[in-house]
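# Observations on the model geometry
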Amino acid sequence: MKKLWLSFHYATEGLIQALKSERNLRIHIFSAVIVVIFGFLCKISSVEWCILLLTIGGMIVLELINTAIERTVDLATDKIHPLAKQAKDIAAAACFIFAIISVIIGLLIFLPKIT
Ligand SMILES: Nc1ncnc2c1ncn2[C@@H]1O[C@H](COP(=O)(O)OP(=O)(O)OP(=O)(O)O)[C@@H](O)[C@H]1O
C-alpha cells in the first residue's frame, strides 16, 4: 500500500515539475479548461465528452512523454549530436501531429453547435 502511495507521490512530483518548466504543457492545460467549459456550455453528448476527454488526456500525456524524452536526451549528452536532435524532433513531431488532430476533433464537435 505504501509503495502504491509512493508511486502516486512520484507521479505528482513529475507533473508539478513538468508544469513548472514546460510552457507548452501549461498552454495545453489552459486550453483544456477552456474546451471543457465550452463542452458544458454547448451541452455536448456523452460520446462527445468521451472523445474530448480522450483527446485532452492524450495531448497532455504526449506532452509529458515529450518532456521526459527531452530530459533523457539532455542527460545522455550535452554535446550536439544528430541522434539527439532526431530524438527530440521526432518526439516533438508526435505532439504536433496529435495537436493538429485535436484541433480537427474540436472543430468537428463544436462547429456544428455554434453555426
Ligand atoms: N544535443 C543536441 N544535439 C543536437 N540538436 C539538439 C540537441 N539538443 C537539442 N537539439 C535541437 O535544438 C532544437 C531546440 O531544442 P530544445 O532542447 O531547446 O527543445 P525545444 O524544441 O525548444 O522544446 P521545449 O521548448 O519543449 O524545450 C531542436 O531542434 C532540438 O532537436
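Here the residue numbers are simple positions, counted from 1 along each chain's written sequence. Two thresholds apply to this predicted model, a pLDDT of at least 70 for residue-level local features and 80 or more for giving and counting side-chain atom pairs, whereas whole-chain, interface and lining totals are computed over all residues.

Rule in force here: UniProt positions are given in the numbering used here, feature names are shortened, and annotations may be inferred rather than shown by experiment.
The protein chain has the name Diacylglycerol kinase family protein in an unreviewed UniProt entry, where Perspicuibacillus lycopersici is given as its organism. Listed under Subcellular location (unreviewed entry) in UniProt, the entry text for the protein chain is "Cell membrane". Check the Sequence similarities (unreviewed entry) section of the UniProt entry for the protein chain; it says "Belongs to the bacterial diacylglycerol kinase family."

### Re the overall build of the protein chain
Quick reminder of the rule: Secondary structure elements are defined from DSSP: runs of H or I of at least 4 residues count as helices, runs of E of at least 2 residues count as strands, and each element is numbered from the N terminus. Atoms considered for the radius of gyration are the C-alpha atoms alone. The globule rule reads 2.2 Å times the number of residues to the power 0.38.
Looking only at helices and strands, one finds four helices and zero strands in the protein chain. Reading the secondary structure of the protein chain in the N-to-C direction produces α-α-α-α. A globule of 115 residues ought to have a C-alpha radius of gyration of about 13 Å, yet the protein chain, at 17 Å, is considerably larger. For the protein chain, the C-alpha atoms occupy an extent of roughly 50 × 40 × 20 Å along the three principal directions.

### Digging into the site of the ligand
Condition: Residue proximity rests on one test: whether the C-beta atom, placed from the backbone, lies within 6 Å of the molecule or strand. Three classes are used, and their members are as follows: Ala, Val, Leu, Ile, Met, Phe, Trp, Tyr, Cys and Pro are nonpolar, Asp, Glu, Lys and Arg are charged, and the others, Gly among them, are polar.
By nearness alone, every residue bordering the ligand is listed as E22, N24, E70, T77, I80, H81, A84, K85, K88, D89 and A92. Of the residues forming the shell around the ligand, the biggest block, five residues, is contributed by helix 4 (residues 82-114). When grouped by side-chain class, the residues that make up the shell around the ligand number three nonpolar, three polar and five charged.

### Considering the UniProt feature "transmembrane region" (unreviewed entry) in the protein chain
Per the UniProt entry, the sites bearing "transmembrane region" (unreviewed entry) are residues 25-42, 49-69 and 89-111 in this numbering. Secondary structure over residues 49-69 splits into 100% helix and 0% strand, and the C-alpha atoms at its two ends are 30 Å apart.

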